[in-house]
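Observations on the model geometry
Below, each chain spelled out in residue letters.
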Amino acid sequence: VQLQASGGGLVQAGGSLRLSCAATGPTFRRYRMGWFRQSPGKDRDFVAAISWSGDSTFYADSVKGRFTISRDNAKNTLYLQMNSLKPEDTAVYYCAADWMGAGTNYAEMWEYDYWGQGTLVTVSS
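The rules we used
- Residues numbered from 1 in each chain as written.
- Predicted model: local features only at pLDDT ≥ 70, side-chain atom pairs only at ≥ 80, totals over all residues.
- Heavy atoms only, no water.
- Helix = DSSP H or I, 4+ residues; strand = E, 2+ residues; numbered from the N terminus.
- Contact = heavy atoms within 4.5 Å.
- Salt bridge = Lys/Arg side-chain N within 4 Å of Asp/Glu carboxyl O.
- Buried < 20%, exposed > 50% of the residue type's maximum accessible area, 1.4 Å probe, protein only.
- Pairing = 2+ DSSP bridges.
- Axes fitted to C-alpha atoms, helices over the stretch in contact; angles between N-to-C directions.
- Disulfide = S-S within 2.5 Å.
- Polar contact = N/O pair within 3.5 Å; in protein donor to acceptor, adjacent residues only side chain to side chain.
- Phe/Tyr/Trp six-rings, centres within 6.5 Å; stacked < 30°, edge-to-face > 60°.
- Lys NZ or Arg CZ within 6 Å of the ring centre and 35° of its normal.

Okay, the environment of Val 63 next. Within the secondary structure layout, Val 63 lies in the loop between β6 (57-59) and β7 (67-72). For the pair Val 63 and Tyr 94, spaced 31 residues apart in the sequence, the C-alpha separation amounts to 15 Å. In contact with Val 63, other than residues within four places in its own chain, are Arg 37 and Val 47.

A few words on the pattern of salt bridges. In this structure the tally under the stated criterion is five salt bridges. The salt bridge involving Asp 61 is made with Lys 64; its shortest N-O contact spans 3.2 Å. Exposure remark for Asp 61: the relative accessible area of 68% places this residue in the exposed category. Linked by salt bridges that have partners in common, Arg 32, Asp 98 and Glu 111 make up one network.

For the rest of this paragraph, the subject is the sheet that holds strand β1 (residues 3-6). Two pairing modes exist for strands in a sheet, parallel and antiparallel, and in both the strands are linked by backbone hydrogen bonds. Pairing in this open sheet of four strands is antiparallel, and the strands run β1-β3-β8-β7 from one edge to the other. A single partner strand is all that each edge strand has here, and the edge strands are β1 and β7. Pairs of neighbouring strands in the sheet enclose a mean axial angle of 15 degrees, with direction left out of account. Note: β7 against strand β8 (residues 77-82), six bridges, orientation antiparallel. Paired with Thr 68 across the bridge in β8 is Gln 81.

Along the chain, Thr 104 falls in the loop between β9 (91-99) and β10 (114-115). The exposure class assigned to Thr 104 is exposed, which follows from its relative accessible area of 68%. Distance from Thr 104 to Pro 40, taken between C-alpha atoms, is 28 Å for residues 64 residues apart in sequence.

This part covers the state of the cysteines. Under the counting rule described, the total for this entry stands at one disulfide. The disulfide partner of Cys 21 is Cys 95, and the gap between their sulfur atoms is 2.1 Å. Residues Cys 21 and Cys 95 are joined by a disulfide whose S-S torsion is about 65 degrees; by sign, that bridge is right-handed. One end of the pair, Cys 21, is in strand β3 (residues 17-23); the other, Cys 95, is in strand β9, with 74 residues separating them in the sequence.

What follows is about the side chain of Asp 89. Within the secondary structure, Asp 89 sits in the loop between β8 and β9. Side chain to side chain, Asp 89 and Arg 37 meet in a polar contact 2.9 Å long. Among the polar contacts made by the side chain of Asp 89, one reaches the side chain of Arg 66 at a distance of 2.7 Å. Among residues more than four places away in sequence, those in contact with Asp 89 are Arg 37, Arg 66, Phe 67, Ser 84, Val 121 and Val 123.

Now for the packing of aromatic side chains. Within this structure, the stated rule accounts for eight aromatic pairs. Consider the rings of Phe 36 and Tyr 112, whose centres lie 5.2 Å apart with planes at 80 degrees: the pair is edge-to-face. Of this pair, Phe 36 sits in strand β4 (residues 31-38) while Tyr 112 sits in the loop between β9 and β10, and the two are 76 residues apart along the sequence. On the accessibility criterion, Tyr 112 (5% relative accessible area) is buried. Over the ring of Tyr 94 we find Arg 44, and its NZ or CZ is 3.6 Å from the ring centre.

In structure tokens:
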């Protein structure tokens, strides 16, 4: 599968953005999907993940209640709705695909098989 993230940009603190991740290939629905982010000079961190069907979602504590992950398997697209953005949310955001992913390792980078190229989100104070 190939992944293409989009939707990043510059937004003021308190604003909202929606990221999209378009996937190619017929097997999108077999991938657990995740979003990660990386700020300059820092490690890439887990943001959110969603099960194959979309029934289960998982969030980092830092974004819980502000971000919502979702997917549309008919459109082969993953989303991340980001509300109440803070300057510390500034990062490059990456989508990732975990083939037949299950279990509790959804926050681990090594669990994911494919990665998108990233989209930059900048939140100004």
